[in-house]
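Architecture at a glance
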Amino acid sequence: MKIDFSKMNEMWGQVDKSQEEKQEEKAEFEEVPDGNYVVFVDKVRWRTSRAGNTYLSWQLRIMTGEHEGRCIFKKSMCTTPQNMKFLFEDISNCGSEPPEHDIEALDLEDICDRAVEVRKYTKEGDSGSFVNVYINKYLGHRDEVRSRIRIDGDVAPSTGVQPTTQE
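Structure report, in brief. (Residues numbered from 1 in each chain as written. Predicted model: local features only at pLDDT ≥ 70, side-chain atom pairs only at ≥ 80, totals over all residues. Heavy atoms only, no water.)

By size, the foremost hydrophobic cluster in this structure holds 21 residues, and its most contacted members are Val39, Val44, Trp58, Leu60, Ile72, Ile111 and Val118. Every element with two or more residues in this core is listed here: β1 (35-48), β2 (54-62), α3 (81-93), α4 (108-111), β4 (114-125) and β5 (128-141). In contact with tryptophan 58, other than residues within four places in its own chain, are Val41, Lys43, Val44, Ile72, Phe73, Lys74, Ser76, Leu87, Asp90, Cys94, Ile111 and Ile135. Counting six residues, the second-largest nonpolar core is a separate cluster that includes Val38, Phe40, Met63 and Ala115. (Core = buried A, V, L, I, M, F, W, Y, C linked by side-chain atoms within 4.5 Å. Buried < 20%, exposed > 50% of the residue type's maximum accessible area, 1.4 Å probe, protein only. Helix = DSSP H or I, 4+ residues; strand = E, 2+ residues; numbered from the N terminus. Contact = heavy atoms within 4.5 Å.)

Following this line, the structure appears as structure tokens:
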């Protein structure tokens, strides 16, 4: 069987082969070290694994410190009652109200832009390493929390007063 490479060669010629920008993009998605981070929920959406299991995919963007702007990724599996208990806790710890009955009523947009404190922990096991991300507590809306970030990277306590905008 002879392969016609003409179309493939045409498309190949259009591929951007510069590696400089690609390295910068790759660095953004490399694992950050284990530790505690102030993040905001950048994206959250329902996904299905290759095995057909449903999970909630979280993209958390770091707001402070040397890893500011980088992402931590979290998967909340939805295959067991224990998984669902953890998901309920994560939603609550984001300061969002979990739905009373049907999980499909979860408002994913409501969770976005919420700032939370998380702990990233890598567990070594017989079959390799596994990353756990624990959502510890709700800090406020992303913009409000950003206004409370101190020079040392910590977040000042909320005064309960909403920041005013300058016009």
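Here we take up the environment of methionine 77. Within the secondary structure, methionine 77 sits in strand β3 (residues 71-77). Look at methionine 77 and you get partly exposed, because its relative accessible area is 28%. Once the C-alpha coordinates of methionine 77 and leucine 87 are considered, the two residues, ten residues apart in sequence, prove to be 8.0 Å apart. Here methionine 77 is in contact with Asn53, Thr54, Tyr55 and Asn83, once residues within four sequence places are set aside.

Examined against the element boundaries, threonine 64 turns out to sit in the loop between β2 and β3. Remark: the alpha-carbon pair of threonine 64 and valine 38, spanning 26 residues in sequence, is separated by 6.4 Å.

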